[in-house]
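Coordinates in review
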Amino acid sequence: MKLFATILATSTMLTLQTGWMNSAEAREDLPIRVGLSDSSRQVTLRVSTGTPVEVLAPIGWQRLGQLSANTALQVNYSQGQLKLNIQSDQQVYKGLRLGQTDQEGTLVGLNNTWYRGSINLTPTARGITVVNEVPLEQYLYSVVPSEMPSSWPLEALKSQAVAARTYAISSLGSYRS
């Protein structure tokens with residue numbers, strides 16, 4: 001009986017540890033959506049490497065083309081819709097996506113500030129709402145150094161990463177429209 005209790009306790013501990021590890025691994029890829037602007041009239045986008053541009057047309061999301069590295073794409077707010085500054089395209093759209101959250105290393109520029117992940121633009125009554133979507137761990141790459149110097153002790157940086165991760169996860173869905 002004592003042997004059975006020990007085996008049961010050990011297997012329960014392993015199950016709990018394995019379950020915790022799997023959920024932690026799953027959280028690494030959890031997409032975090034960060035609002036960058038909610039009333040812009042015009043934005044300029046760039047990418048660090050060639051990236052697809054998708055637009056929300058009346059029939060759904062469509063790939064418009066590929067934006068080359070460091071090429072400016074100007075997007076204007078026009079009567080509740082998005083107008084791209086492309087000579088061959090005179091249409092307006094209900095949304096725009098640029099960048100890919102699964103392509104690590106690609107950066108998306110918004111008005112001369114660079115972000116990991118993708119940028120989503122949505123027209124609202126006030127202007128263009130800009131949201132950065134990035135996997136949780138990549139989000140932390142930027143947040144932790146912006147909150148404390150890298151010269152601080154390693155344990156302090158780890159603690160800040162835990163705090164930032166916890167805050168991000170606990171805030172999921174708080175600003176859902």
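Moving on, we come to the pairing of strand E10 (residues 113-116). As judged from the four bridges shared by strand E9 (residues 107-110) and E10, these two strands associate in the antiparallel manner. By the bridge assignment, Gly 109 is partnered in E10 with Trp 114. Linkage of E9 to E10, two consecutive antiparallel strands, is achieved through a turn of two residues, within which Asn 111 is found at a positive phi near 50°.

A separate point is the packing of aromatic side chains. Taken as a whole and assessed by the stated rule, the structure comprises zero aromatic pairs. The ring of Trp 61 carries the charged tip of Arg 97 above its face, separated from the ring centre by 3.8 Å.

This part is about the nonpolar core. In this structure, Leu 45, Leu 73, Val 75, Leu 96, Leu 98, Leu 121 and Ile 128 are the most contacted members of the largest nonpolar core, which totals 21 residues. At the level of elements, strand E2 (42-47), strand E3 (51-57), strand E5 (73-78), strand E6 (81-84), strand E8 (96-99), E9, strand E11 (118-123) and strand E12 (128-135) are the ones that each hand at least two residues to this core. Those residues in contact with Val 75, other than ones at most four positions away along the chain, are Arg 41, Gln 42, Val 43, Leu 45, Leu 82, Lys 83, Leu 84, Leu 96, Leu 121 and Ile 128.

Turning our attention to the pattern of salt bridges. One pass over the structure, following the stated rule, counts five salt bridges. The partner of Arg 97 in a salt bridge is Glu 54, with the nearest N and O atoms 2.9 Å apart. Remark: Glu 54 occurs in strand E3 and Arg 97 occurs in strand E8; sequence separation between them is 43 residues. Using a relative accessible area of 28% as the deciding quantity, one classes Glu 54 as partly exposed.

Turning next to the sheet that holds E6. Spatially, E7-E6-E5-E2-E9-E10 is the arrangement adopted by the six strands of the open sheet, whose pairing is antiparallel. In the strand order of this sheet, the two ends are held by strand E7 (92-93) and E10, each with one partner.

Here we take up the sheet that holds E3. Ordered in space as E1-E12-E11-E8-E3-E4, the six strands form an open sheet in which the pairing is antiparallel. Bordering the open sheet on either side are strand E1 (31-40) and strand E4 (60-67), each of which pairs with just one other strand. On average, adjacent strands in this sheet sit at an angle of 20° to one another, irrespective of strand direction. Examined bridge by bridge, E1 and E12 share seven bridges and lie antiparallel to one another. Following the sheet pairing, Gly 35 is matched in E12 by Val 131. Along the sheet face, helix H2 (residues 136-147) touches E1 and E12 and points at about 105° away from the line of E12.

The rules behind each value
- Residues numbered from 1 in each chain as written.
- Predicted model: local features only at pLDDT ≥ 70, side-chain atom pairs only at ≥ 80, totals over all residues.
- Heavy atoms only, no water.
- Pairing = 2+ DSSP bridges.
- Helix = DSSP H or I, 4+ residues; strand = E, 2+ residues; numbered from the N terminus.
- Phe/Tyr/Trp six-rings, centres within 6.5 Å; stacked < 30°, edge-to-face > 60°.
- Lys NZ or Arg CZ within 6 Å of the ring centre and 35° of its normal.
- Core = buried A, V, L, I, M, F, W, Y, C linked by side-chain atoms within 4.5 Å.
- Buried < 20%, exposed > 50% of the residue type's maximum accessible area, 1.4 Å probe, protein only.
- Contact = heavy atoms within 4.5 Å.
- Salt bridge = Lys/Arg side-chain N within 4 Å of Asp/Glu carboxyl O.
- Axes fitted to C-alpha atoms, helices over the stretch in contact; angles between N-to-C directions.

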